[in-house]
Amino acid sequence: MNFQFNDLEFCIKDDRIKLLACPQLGEKREGYDGFQLCHVRLAGDNHSNFGGASTRLMSQSVTDLKYLSHSIEGDLLTVVQKNDRIKVTSYYKAYKNTNAIRCHSVIENVSDKDIIAESISSAYLYGIGGSWKKGNDIYLHQFTSAHHTESQPMVQSLFDLGMIYTNTHFCRVNTGSKSTNRFFPHGIIEDREKGKYLFFQIESDNCWYYEMGADSNGFYLYLSANDGHYHQWAKKLAPGESFTTVAASFAFGDSLNDVLKNITLYRRSLKPLCPADKGLPVIFNEYMHLSWDDPRQERTHALAPLISSLGVDIYVIDCGWHDEVPTNLIYHNIGEWRESKLRFPEGVRKTADLIHSLGMKFGLWIEPEAVGKDNRKMIEFYGEDCFLRRNGEKICELGRLLLDFRKEKVRSYLSDVIDRMVNEYKADYIKIDYNQEVGMGTDTDAFTIGEGLRAHCEARHKWMKEMTEKYPQVIFENCASGGQRMDYKTLSIHPLSSTSDQIHYYLYPYIVGNIFSSVIPEQAAVWSYPVNSVAYKAEGEKVDKVLSNELVAMNMINSLLGRIHLASRLNLLSESKLELIKKGIEYYNYMTPYKLDSVPYYPCGHTRWGDNKVCVGLNCGKKLFLAIWHLGGEKSFAVDLSKLDIKSVKVGYPDTLSTSFSLRDKLLTVEFNSEECARLFEIDLE
């Protein structure tokens, strides 16, 4: 018996249920009856796959599963399987108008003894390509990540990744509490021969694992979160206990832009409803190229009227509003989260009142998961049990000790901190930052070190969600050393996220040029800093460098497609430069209604770091906003727009600087007049 669910086809035969070849990227083959839906490995299982310990397939617990039932209710398919130890309930949810499917499973111990799960898949697809011989035609797009270089594409054929024959495989692993520290938990599989694409993502905020391998029937894709082999993870389940995997999701498409459209529409359905963020307010943050870690009441009060006059909606004070210690000691003393009279002698509330009187909302930064190693008061307050520990010692990184969110005392104190920030300091916006890495996890109060990490991260996620629900009038920004925790479990509770801590305006286009493959536009916060404070005189003295009109415009264009995070010493700018910023904010607000329904558009494909040109747009149906950056080399650049039905083209921003361009036979050619510059074109479509 076969049945369909959206593009998926299932086969029920001999008390087994299997998923047939991967839709769009696979082929139906004579005599082929598919493969298992969920892969579970329990301690003690016979593992029959020739690939050995590094593959996750064909354990005893999988081969023993028998089909019990399935049901389709609206957009949800539920499949139940069982053996003498576990019952596996797998869920497939389809999302209308996205060509996307979300999957997860629940594993229940139905035996009369404890069982130990060592790996469980969130999703699994099989039969990609139809044969291992197609490895030269099928490509995997991965997205690398590092501090200041988030979401950089790396494209290789499956043959180049080592999948050259049956029983060969490739895996990508993330270990620790930063989900996008080295790679993003998503990728694209491209069949170049067929012109078909599959986008996959794992919705985990800590560890994750995916594997591709070759088989006589094609290639498989296995997605999971915490894993025994790579994360020292195992989960003990008593009789009657169950465990729910993280979600994984797929979207399909007939081109790169098509598959990115579908995953964007799916991700938009996960974005939390935050009334305060509905209009995508413009944000000014004092940190970058201005206060860094040393905000001061006098400076803020002097600058705030100018910021308000530009049309900014929210004024944020970043790290340093807290603790009575010199700036160079701040991070080693964080944790109490009370206002610093050293920097704000009249109290933070005085500054908040000023910001509010100027018609702006007020924001503060916090790093709730850490306590400075020199903050004896808070270390004694929490006691030994409230910190993440490994091998008998507290985990310490960058001068911070890491709190254990499984502890009620931790959650209670930090809930009071958030309440104080909102009700006493009058914060309307709170930037949640995270600059540490737990590593493998904690071996206290945990069956395994990896399970300790998973349980801690789950408790932190639950607490953060509670805060967003308790204070719906507050915008909670996600940040982790920039974009180091930009997964869609985290982004399902935060309305926006920092995309990077990149400090150079001329490098940010390489991030903006790819970031919309990793996060939807209205969640992607991008810095704009028209005054550079890391320039140096010949003798080595640091000075503020006021940028040219062209570079002011480039800074604004860096942020216009996402969320503006304006920064730097704008009081040093001339009237003409301030007018460029004001016009940029006005144009951003004009774009907002379109942006809320937009999907990314890459007429030239993804950007490679160091390219001389960067090109990315937002397709809004009847309108395309297309940004082009010139970063060196030939000043003429042509963009092929032949796949679009174009009515008209104009420069959307900046419309006050000269621009030479032409549109002939749907080829947009731009003649740039500076060594570094950018333009945002507004293109009306049929």
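In this report, the structure presented in the accompanying data block is examined.

Quick notes on the rules
- Residues numbered from 1 in each chain as written.
- Predicted model: local features only at pLDDT ≥ 70, side-chain atom pairs only at ≥ 80, totals over all residues.
- Heavy atoms only, no water.
- Helix = DSSP H or I, 4+ residues; strand = E, 2+ residues; numbered from the N terminus.
- Rg over C-alpha atoms; globule rule 2.2 N^0.38 Å.
- Buried < 20%, exposed > 50% of the residue type's maximum accessible area, 1.4 Å probe, protein only.
- Contact = heavy atoms within 4.5 Å.
- Areas by Shrake-Rupley, 256 points an atom, 1.4 Å probe, with all protein chains shown as cover.
- Polar contact = N/O pair within 3.5 Å; in protein donor to acceptor, adjacent residues only side chain to side chain.
- Expected span 1.5 Å × (residues − 1).
- Phe/Tyr/Trp six-rings, centres within 6.5 Å; stacked < 30°, edge-to-face > 60°.
- Lys NZ or Arg CZ within 6 Å of the ring centre and 35° of its normal.
- Pairing = 2+ DSSP bridges.
- Axes fitted to C-alpha atoms, helices over the stretch in contact; angles between N-to-C directions.
- Parallel < 35°, antiparallel > 145°, perpendicular 65-115°, else oblique.
- Left-handed = near helix turned anticlockwise from the far one by under 90°.
- Nonpolar A, V, L, I, M, F, W, Y, C, P; charged D, E, K, R; others polar.
- Core = buried A, V, L, I, M, F, W, Y, C linked by side-chain atoms within 4.5 Å.
- Salt bridge = Lys/Arg side-chain N within 4 Å of Asp/Glu carboxyl O.

## A word on the overall build of the protein
No. 1: The helix and strand inventory of the protein stands at 12 helices and 43 strands.
No. 2: Against the globule reference of 26 Å for 686 residues, the protein gives a C-alpha radius of gyration of 26 Å, in line with a compact fold.
No. 3: Overall, the protein is about 75 × 70 × 50 Å in size when its C-alpha atoms are taken along their principal axes.
No. 4: Across the 686 residues of the protein, 63% fall into the buried class.
No. 5: The long-range fraction of contacts in the protein, counting pairs at least 24 apart against all pairs at least 6 apart in sequence, stands at 70%.
No. 6: In the structure as shown, the protein presents an accessible area of about 24,400 Å², 47% of it carried by carbon and sulfur atoms.

## Observations regarding the side chain of Ser-291
No. 1: For Ser-291, the position within the fold is in helix 4 (residues 287-291).
No. 2: Of the polar contacts made by the side chain of Ser-291, one reaches the side chain of Glu-286; its length is 2.7 Å.
No. 3: A distance of 2.9 Å separates the side chain of Ser-291 from the side chain of Arg-299, its partner in a polar contact.
No. 4: If near-sequence neighbours (up to four positions away) are discounted, Ser-291 is found in contact with Glu-286 and Arg-299.

## Looking at helix 8 (residues 408-423)
No. 1: Over its 16 residues, helix 8 extends 22 Å from the first C-alpha to the last, a length consistent with the 22 Å expected when each residue adds 1.5 Å.
No. 2: Restricting attention to buried positions, one finds in helix 8 the residues Val-410, Tyr-413, Leu-414, Ser-415, Val-417, Ile-418, Arg-420, Met-421 and Val-422.
No. 3: Against the buried residues of helix 8 lie strand 23 (361-366), helix 7 (376-382), strand 29 (429-432), helix 9 (449-470) and strand 30 (475-478).

## Examining the environment of His-147
No. 1: Checked against the element boundaries, His-147 lands in the loop between strand 11 (138-144) and strand 12 (152-157).
No. 2: Take His-147: its relative accessible area is 45%, and that puts it in the partly exposed class.
No. 3: The residues touching His-147, leaving out its near neighbours within four places in the chain, are Ser-481, Gln-484 and Asp-501.
No. 4: A distance of 3.1 Å separates polar atoms of two side chains, one belonging to His-147 and the other to Asp-501.

## Focus: the environment of Thr-656
No. 1: Position of Thr-656 relative to the elements: it lies in the loop between strand 40 (646-653) and strand 41 (660-664).
No. 2: By relative accessible area, which is 57% here, Thr-656 ends up exposed.
No. 3: Distance in space between the C-alpha atoms of Thr-656 and Glu-579 is 9.9 Å, their sequence separation being 77 residues.

## Quick word on the packing of aromatic side chains
No. 1: Taken as a whole and assessed by the stated rule, the structure comprises 29 aromatic pairs.
No. 2: Relative to Tyr-594, the ring of Tyr-590 has its centre 5.7 Å away and its plane inclined at 65°; by these criteria the two rings are edge-to-face. Of this pair, Tyr-590 and Tyr-594 both sit in helix 12 (residues 575-595), 4 residues apart, roughly one helical turn.
No. 3: Overall, the relative accessible area of 29% leaves Tyr-594 in the partly exposed class.
No. 4: Of the aromatic side chains, those joined through ring pairs into one cluster are Phe-381, Tyr-382, Phe-387 and Tyr-413.
No. 5: Stacked on the ring of Phe-381, the Lys or Arg Lys-409 has its end atom at 4.6 Å from the ring centre.

## Brief notes about the pairing of strand 8 (residues 100-109)
No. 1: Burial within strand 8 is extensive, with 7 of its 10 residues counted as buried.
No. 2: Both strand 7 (residues 86-95) and strand 8 contribute to a ladder of 10 bridges, which runs antiparallel. Residue pairing for strand 8: Ser-90 is matched across the bridge by Ser-105.
No. 3: In this antiparallel pair of consecutive strands, strand 7 and strand 8, the connection spans 4 residues, and Asn-97 shows a positive phi of 65°.
No. 4: Across 4 bridges, strand 8 lies against strand 20 (residues 248-253) in antiparallel orientation. From the neighbouring strand, Ala-100 faces strand 20, where its bridge partner is Ala-251.

## Examining the packing of helix 11 (residues 549-560) against helix 12
No. 1: Running from amino to carboxyl end, helix 11 crosses helix 12 at an angle of 20°, the nearest separation of the two axes being 10 Å. Considered as vectors, helix 11 and helix 12 are oriented roughly parallel to each other. Like other packed secondary-structure pairs, helix 11 and helix 12 cross with a definite hand, here right-handed. Contacts from Asn-549, Val-552, Met-556 and Leu-560 of helix 11 reach helix 12 at Ser-576, Lys-577, Leu-580, Ile-581, Gly-584, Ile-585, Tyr-587, Tyr-588, Met-591 and Lys-595.
No. 2: Counted by class, the contact of helix 11 with helix 12 contains 9 nonpolar, 3 polar and 2 charged residues.

## Topic: the sheet that holds strand 32 (residues 524-528)
No. 1: Pairing in this closed barrel of 8 strands is parallel, and the strands run 21-22-23-29-30-31-32-35 around the ring. Pairs of neighbouring strands in the sheet enclose a mean axial angle of 30°, with direction left out of account.
No. 2: Bridge count between strand 21 (residues 283-285) and strand 35 (residues 563-566): 2 bridges; the pairing is parallel. Bridged to Phe-284 within strand 35 is Leu-566.
No. 3: In the packing of helix 5 (residues 297-309) onto the sheet, the strands contacted are strand 21 and strand 22 (314-317), and the crossing angle to strand 22 comes to about 155°.

## A short note on the nonpolar core
No. 1: Core analysis: the biggest nonpolar cluster contains 122 residues, and Trp-321, Tyr-382, Leu-414, Ile-430, Leu-566, Trp-629 and Leu-680 have the highest contact counts within it.
No. 2: Once you skip the residues sitting within four places of it in the chain, Leu-566 turns out to touch Ile-283, Phe-284, Asn-285, Leu-310, Val-312, Ser-528, Pro-530, Met-556, Ile-581 and Ile-585.
No. 3: Listed in part, the 42 residues of the second largest apolar core include Phe-3, Val-79, Met-212 and Phe-250.

## Observations regarding the pattern of salt bridges
No. 1: If you walk through the whole model with that rule in mind, you get 34 salt bridges.
No. 2: With a shortest N-O distance of 3.3 Å, Glu-367 and Arg-400 are connected by a salt bridge. In this pair, Glu-367 is assigned in the loop between strand 23 and strand 24 (370-372) and Arg-400 in strand 28 (residues 400-402), connecting sequence segments 33 residues apart. Residue Glu-367 shares its accessibility class with Arg-400, and that shared class is buried.
No. 3: Counted as one network, the salt bridges with shared partners bring together Lys-134, Asp-191 and Glu-193.

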